[in-house]
Amino acid sequence: MNLGVCYYPEHWPEAMWANDARRMRELGLSHVRIAEFAWSRIEPEEGRFDWDWLDRAVEVLAAEGLKIIMCTPTATPPKWLVDRMPDMVAVDRHGRPRKFGSRRHYCFSHKGYRAESQRITRAVAGRYGKHPAVVAWQTDNEYGCHDTVLSYSDAAADGFRAWLAGRYEDVDALNRAWGNVFWSMEYRSFGEIDPPNLTVTEANPAHVLDYRHFGSDQVAAFDREQTDILRALSPGREIMHNFMGFFTEFDHHEVGRALDVAGWDSYPLGFLEQFWFDEDTKSRFAQTGEPDIAAFHHDLYRGCAPKWAVLEQQPGPVNWARYNPAPLPGMVRKWTLEAWAHGADLVSYFRWRQAPFAQEQMHAGLRRPDDSEADAYAEVQQVAAELDALGEAEAVEAPAALVFSYQAAWMLDIQRQGTSFSYLELAYAMYGALRRLGLNVDIVSEHAPLDGYRMVAVPSLPRDPVGEHPVLAFDGPLLLGPRTGSKGPVFSVADGLPPGRFRERIPIRVNKVESLRPGTTRTLDGDVVVRWAEDVEALDERVLQEGAVWRAGAVRYLAGWPTDAILDRVFAAMAAEAGVETLAVPEGVRVRRHGGYVFASNVAPEERDVSALVGDAELVIGGAVLGPVDVAVWRG
Ligand code: GAL
């Protein structure tokens, strides 16, 4: 695995560059990512390019043998461009144009901006595409960050109408598919259809779902235009994008199809603070991160492209969460080794030196604004040496797959029925339960073949499949989560009631669903469930009820929101049926097999003894008693 850093030569006096580059090499870094926000310096005025400074920066970095990940600067269109095309900005759901003065202010559907994105991509790729030090490209930066996938601009409305016409051909077909007879919402032509914002009450869910699908397709098309240019002008280089954490607004599997490397930006403490975790969990893991946050994304993005990487790794406190504690000393090393254990190709720290100006002054780097070493610097040095000693490690096959679907996230979000039904949370809960059993898990797209896996978890797959589907074909132990098969084409109740065609695998019918307020529960055959409960009817005698789970042979359907205890029990039973060995992993500890090694880490604030897991194996890193930042690696 390689180590790298995000570097902004344009933020620092040129006199510092050579020293920076030398120290990067000495620190053990091989890669440096540059230029993703540098458009105003590359092209200060329309058509006037200033390459000199970037040429020199590339040479200085190359002279130290650093490998450059060059970026397209399209996340930050400069002022002159916005002034020339004021309607290129995204418009929010309230109809307000987003202004210049930060970043990501463009609308993915604006044809003029799409042409500009291709023009600047061609210019940068033409200049550096064949430079021997440029080994890879990053397209744009964090598609969708700051709520920017969906735009409600005129350009987006036009694009949506064309997208709908392509999909339905005839507006009556759209009216039928959406159920527009309900509330007299029928249209006479595609030209009459607007984006689904600013409606009096909720818009038709089918309308919203198609808009989300359209928005996702726009991101994929925007990215594809850049990757096509980069492949032509920069042959043999890898193309990456840096995805975000806990983000489902576009289909990352679709975008990933054009990439060689699915990168993601790992800020475990920021994510813990910003997402759904309860107050106790936030406090308990404030300086270490909840055990599965980084790992979940490592395994998710591994399923999005041939390779995966951490393109930004939190190096200290960030600036953007509600509270921004410092990681405990040792965490940056641990996050790096954890990425290795999940098979990363690269971990790149964000950023080399903390910026003394503008928006991210309070975001740590590896070095402080005065160029002294920040806390993580020595940890990177240590982990670089440890990685060298570990050497090459081949990926190990995972026994368990978790099927993840972005479309499922959109569908379940659009009609949640109860605010606490969150697809992402459900997927995360199932992932955590599999990991508590010590299993390596692959998170795969719903279209990925499942042959070879010994057991499969499907958090939910609301769209009733048409034709062949890998989940219908999988014949090992299979868990289907609530609301699977609940929706027919576009967005309507599935034929014959849920779970639609999944009845081919488990003959049941869901007659009623209900969402539950916090503090209220339902008891399903002895299992107490929260948030969500379903009334399930068995359609033949092969079906058994086991608490909240209905089972027909190897196929199980979960008729409520699962507690951790239910998931632990069900996955343990499935693993036993599949003949998959599980481990008794102490609370706060996670284990992963990689190459000929087993990696274990603890994020609980208390010590954990893993000697029972280590047995008499040879420890290569650490010991069998793990403090909150410790890591152990043994041969196994
Ligand atoms: C990421 C972004 C970086 C920087 C970083 C700060 O979302 O890609 O440019 O803003 O967050 O944590």
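Model, not experiment: these values are computed from the prediction.

Just to check I follow, could you spell out the packing of helix α5 (residues 111-128) against helix α8 (residues 205-233) for this structure?
Relative orientation and spacing of two packed helices are given, respectively, by the angle between their axes and the distance between those axes. For the pair α5 and α8, the least separation of the axes is 9 Å and the interaxial angle reads 25 degrees. When the interaxial angle is binned, α5 and α8 end up roughly parallel. Crossing geometry of α5 relative to α8 is assigned as right-handed. On α8, the residues that touch Tyr113, Arg114, Ser117, Gln118, Thr121, Arg122, Ala125 and Gly126 of α5 are Gln218, Ala221, Phe222, Glu225, Gln226, Ile229, Leu230 and Leu233. In terms of residue class, the contact of α5 with α8 is built from 7 nonpolar, 6 polar and 3 charged.

What is the right way to read the packing of aromatic side chains from this model?
Under the counting rule described, the total for this entry stands at 50 aromatic pairs. Between Tyr8 and Phe37, the ring centres sit 6.3 Å apart and the planes meet at 5 degrees, which makes this aromatic pair stacked. Here Tyr8, found in the loop between β1 (2-6) and α1 (17-27), pairs with Phe37, found in the loop between β2 (31-34) and α2 (39-42); they are 29 residues apart in sequence, far enough to count as distant. A ring pair is formed by Tyr106 and Phe108, whose centres lie 5.0 Å apart and whose planes are at 75 degrees; its orientation type is edge-to-face. Pair check on accessibility: Tyr106 and Phe108 agree, each one buried. A cation over an aromatic ring shows up here: Lys79 above the ring of Phe100, its NZ or CZ 5.7 Å from the ring centre. Above the ring of Tyr377, the side-chain terminus of Arg367 is found at 4.7 Å from the ring centroid.

Explain the side chain of Glu273 here, please?
Along the polypeptide, Glu273 turns up in helix α10 (residues 268-274). Classification of Glu273 as buried rests on a relative accessible area of 14%. Not counting chain neighbours up to four residues away, the residues in contact with Glu273 comprise Lys282, Ala321, Arg322 and Tyr323.

Would you take a moment to explain the site of the ligand for this structure?
What surrounds the ligand is the set Phe37, Arg103, Asn141, Glu142, Asn242, Asp265, Tyr267, Glu312, Trp320, Phe350, Glu360 and His363. Take Glu142: an N or O atom from its side chain is 2.4 Å from an oxygen atom of the ligand. Take His363: an N or O atom from its side chain is 2.7 Å from an oxygen atom of the ligand. Taking 310 Å² as the accessible area of the ligand by itself, protein coverage stands at 95%. Looking at the shell around the ligand, its residues break down into 4 nonpolar, 3 polar and 5 charged.

Any chance you could explain a nonpolar patch on the surface here in plain terms?
On the surface, Val181, Phe182 and Trp183 cluster together into a nonpolar patch covering about 390 Å² of accessible area. Tracing the sequence through the fold places Trp183 in the loop between α7 (171-178) and α8. Judged by relative accessible area, which is 56%, Trp183 ranks as exposed.

Just to check I follow, could you spell out the pattern of salt bridges for this structure?
Pairing between side chains of opposite charge can happen when the charged atoms of each approach one another. For the coordinates displayed, the defined rule picks out 55 salt bridges. As a salt-bridge pair, Arg353 and Asp20 come within 2.7 Å of each other at their nearest N and O atoms. Of this pair, Arg353 sits in the loop between β8 (346-349) and α14 (375-390) while Asp20 is found in helix α1, placing the two residues 333 residues apart along the sequence. The exposure class assigned to Arg353 is buried, which follows from its relative accessible area of 1%. For Asp20, a relative accessible area of 0% puts it in the buried group.

Explanation requested: the sheet that holds strand β25 (residues 619-621) in the structure shown.
The strands making up a sheet associate through backbone hydrogen bonding, with each pair oriented either parallel or antiparallel. Taken in spatial order, the 4 strands of this open sheet run β22-β23-β27-β25, and their pairing is antiparallel. Strands with a single pairing partner mark the edges of an open sheet, and in this sheet they are β22 (589-594) and β25. Going from strand to strand, the sheet's axes swing by 25 degrees on average, the running direction of each strand aside. Summarising the sheet, strand β23 (residues 597-602) and strand β27 (residues 631-635) pair through 5 bridges and their orientation is antiparallel. When the sheet's bridge partners are listed, Val598 is paired in β27 with Trp634.

Looking at this structure, I do not really get a negative patch on the surface. What am I missing?
On the surface, a cluster of negative charge is made up of Glu169, Asp170, Asp172 and Glu186. As for its placement among the helices and strands, Glu186 is situated in the loop between α7 and α8. For Glu186, a relative accessible area of 49% corresponds to the partly exposed category.

I tried to follow the pairing of β22 on my own but got confused; where do I start?
Side chains on a regular strand alternate between the two faces of the sheet. With 5 of its 6 residues buried, β22 lies for the most part within the structure. Note: β22 against β23, 6 bridges, orientation antiparallel. The partner of His594 across the bridge, within β23, is Tyr597. Between β22 and β23, which pair antiparallel one after the other, the connecting turn spans 2 residues, and Gly595 there sits at a positive phi close to 55 degrees.

Mind showing me how you'd approach the packing of α1 against α14 here?
Direction vectors running N to C along α1 and α14 enclose 50 degrees, while the axes themselves pass 9 Å from each other. In terms of their interaxial angle, α1 and α14 are classed as oblique. The segment α1 lies against α14, with Arg23, Glu26 and Leu27 engaging Tyr377, Val380, Gln381 and Ala384. When grouped by side-chain class, the residues that make up the contact of α1 with α14 number 4 nonpolar, 1 polar and 2 charged.

Explanation requested: the pairing of β27 in the structure shown.
In terms of burial, β27 is a largely internal element, 4 of the 5 residues being buried. When β25 meets β27, the two strands line up antiparallel, connected through 2 bridges. Note that in β27 the partner of Leu619 across the bridge is Trp634.

I keep staring at helix α18 (residues 564-578) and nothing clicks. Help me out?
Each α-helix winds once per 3.6 residues, and so residues spaced three or four apart point in a common direction. Taking 1.5 Å per residue as the helical rise, α18 with its 15 residues ought to reach 21 Å, and the 21 Å between its terminal C-alpha atoms agrees with that figure. When we look at burial in α18, the residues that qualify are Ile566, Leu567, Val570, Phe571, Met574, Ala575 and Ala578. Relative to the axis of α18, the buried residues are bounded by an arc of 155 degrees and lie together on one face. Of the exposed residues in α18, the ones pointing more than 90 degrees away from its buried face are Ala565 and Ala576. Buried residues belonging to α18 abut α16 (423-436), β11 (455-458), β12 (478-480), β17 (527-538), β19 (549-552) and β20 (555-558). Among the residues trailing α18, Gly579 stands out with phi positive, at a value near 70 degrees.

The rules behind the values
Residues numbered from 1 in each chain as written. Predicted model: local features only at pLDDT ≥ 70, side-chain atom pairs only at ≥ 80, totals over all residues. Heavy atoms only, no water. Axes fitted to C-alpha atoms, helices over the stretch in contact; angles between N-to-C directions. Helix = DSSP H or I, 4+ residues; strand = E, 2+ residues; numbered from the N terminus. Parallel < 35°, antiparallel > 145°, perpendicular 65-115°, else oblique. Left-handed = near helix turned anticlockwise from the far one by under 90°. Contact = heavy atoms within 4.5 Å. Nonpolar A, V, L, I, M, F, W, Y, C, P; charged D, E, K, R; others polar. Phe/Tyr/Trp six-rings, centres within 6.5 Å; stacked < 30°, edge-to-face > 60°. Buried < 20%, exposed > 50% of the residue type's maximum accessible area, 1.4 Å probe, protein only. Lys NZ or Arg CZ within 6 Å of the ring centre and 35° of its normal. Near = heavy atom within 4 Å. Polar contact = N/O pair within 3.5 Å; in protein donor to acceptor, adjacent residues only side chain to side chain. Areas by Shrake-Rupley, 256 points an atom, 1.4 Å probe, with all protein chains shown as cover. Patch = residues over 30% accessible without salt bridge, like charges linked within 9 Å, V, L, I, M, F, W, Y side chains within 5 Å. Salt bridge = Lys/Arg side-chain N within 4 Å of Asp/Glu carboxyl O. Pairing = 2+ DSSP bridges. Lys, Arg positive; Asp, Glu negative; His and termini not counted. Charge placed at Lys NZ, Arg CZ, Asp CG, Glu CD. Expected span 1.5 Å × (residues − 1). Arc of directions from axis to C-beta.

So yeah, pure geometry; function would need other evidence.
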